[in-house]
Amino acid sequence: MQVANKKSVLEMAMGGIAEVVDWEVDRVICNIMDPSTKATAKRKIVLTMVFEPDEYRERLDMDVQAKATLAPVTPIKTTLCITKGRGGELLMAEMMPQVPGQIDMDGGESPEPAIAKVGRMTY
């Protein structure tokens, strides 16, 4: 059967199928441009189409889902030490490359480390 105005199945659902694919492509591109992800990591989009015909083979329900697999965010690493405060509470402090208050080569002052109270008991 020759159809003069043949369209792609992606144009069906009033353009909704192409829209969900385009949405996932946008997510992939944003993930590629995110500096907190590995630039060369592979990303993919899987398009799942489920066809369910009726018993007379005259009607067909079609469900379409697009799903992107993105690159994970690169882990952020730091080094911590566990110490005690003056009242005996446990503290977790971030290790710093220089002594707090020390002047670096550019004339900037090293910041104080981040310190968090942890645990429920004092030791």
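Further up the page is the structure itself.
Quick notes on the rules
Residues numbered from 1 in each chain as written. Predicted model: local features only at pLDDT ≥ 70, side-chain atom pairs only at ≥ 80, totals over all residues. Heavy atoms only, no water. Helix = DSSP H or I, 4+ residues; strand = E, 2+ residues; numbered from the N terminus. Rg over C-alpha atoms; globule rule 2.2 N^0.38 Å. Buried < 20%, exposed > 50% of the residue type's maximum accessible area, 1.4 Å probe, protein only. Contact = heavy atoms within 4.5 Å. Areas by Shrake-Rupley, 256 points an atom, 1.4 Å probe, with all protein chains shown as cover. Lys, Arg positive; Asp, Glu negative; His and termini not counted. Charge placed at Lys NZ, Arg CZ, Asp CG, Glu CD. Pairing = 2+ DSSP bridges. Salt bridge = Lys/Arg side-chain N within 4 Å of Asp/Glu carboxyl O. Patch = residues over 30% accessible without salt bridge, like charges linked within 9 Å, V, L, I, M, F, W, Y side chains within 5 Å.

Draft legend 1. Main features of the overall build of the protein. Assigned secondary structure in the protein consists of one helix and five strands. Along the protein, helices (α) and strands (β) appear in the sequence α-β-β-β-β-β when read from the amino end. Here the C-alpha radius of gyration of the protein, 28 Å, is well above what a compact globule of 123 residues would show, namely 14 Å. Taken across its 123 residues, the protein has 12% of its residues classed as buried. Sequence-distant contacts, at least 24 apart, represent 37% of the contacts inside the protein between residues at least 6 apart. Accessible surface, the protein: about 10900 Å² in total, of which carbon and sulfur atoms supply 57%. Separation of charge centres in the protein, based on 15 positive and 18 negative side chains, amounts to 8 Å.

Draft legend 2. Structural detail: the pairing of strand β1 (residues 44-53). Sheet analysis places β1 next to strand β2 (residues 60-69), joined by ten bridges and oriented antiparallel. The partner of Pro 53 across the bridge, within β2, is Leu 60. Count of turn residues in the β1/β2 antiparallel hairpin: six residues, of which Arg 57 carries a positive phi of about 60°.

Draft legend 3. Seen up close, the pattern of salt bridges. A full pass over the atoms with the stated rule returns one salt bridge. Here Glu 24 and Arg 27 are joined by a salt bridge, their closest N and O atoms 2.8 Å apart. Here Glu 24 and its partner Arg 27 are both found in helix α1 (residues 16-33), three residues apart, which amounts to about one turn of the helix. Using a relative accessible area of 35% as the deciding quantity, one classes Arg 27 as partly exposed.

Draft legend 4. Representation of a nonpolar patch on the surface in the model. Taken together, the side chains of Val 25, Ile 29, Ile 32, Met 33 and Ile 45 define a hydrophobic patch exposed on the protein surface, amounting to about 430 Å² of accessible area. Ranked by residues supplied to the nonpolar patch, first place goes to α1 with four residues. Structurally, the position occupied by Val 25 is in helix α1.

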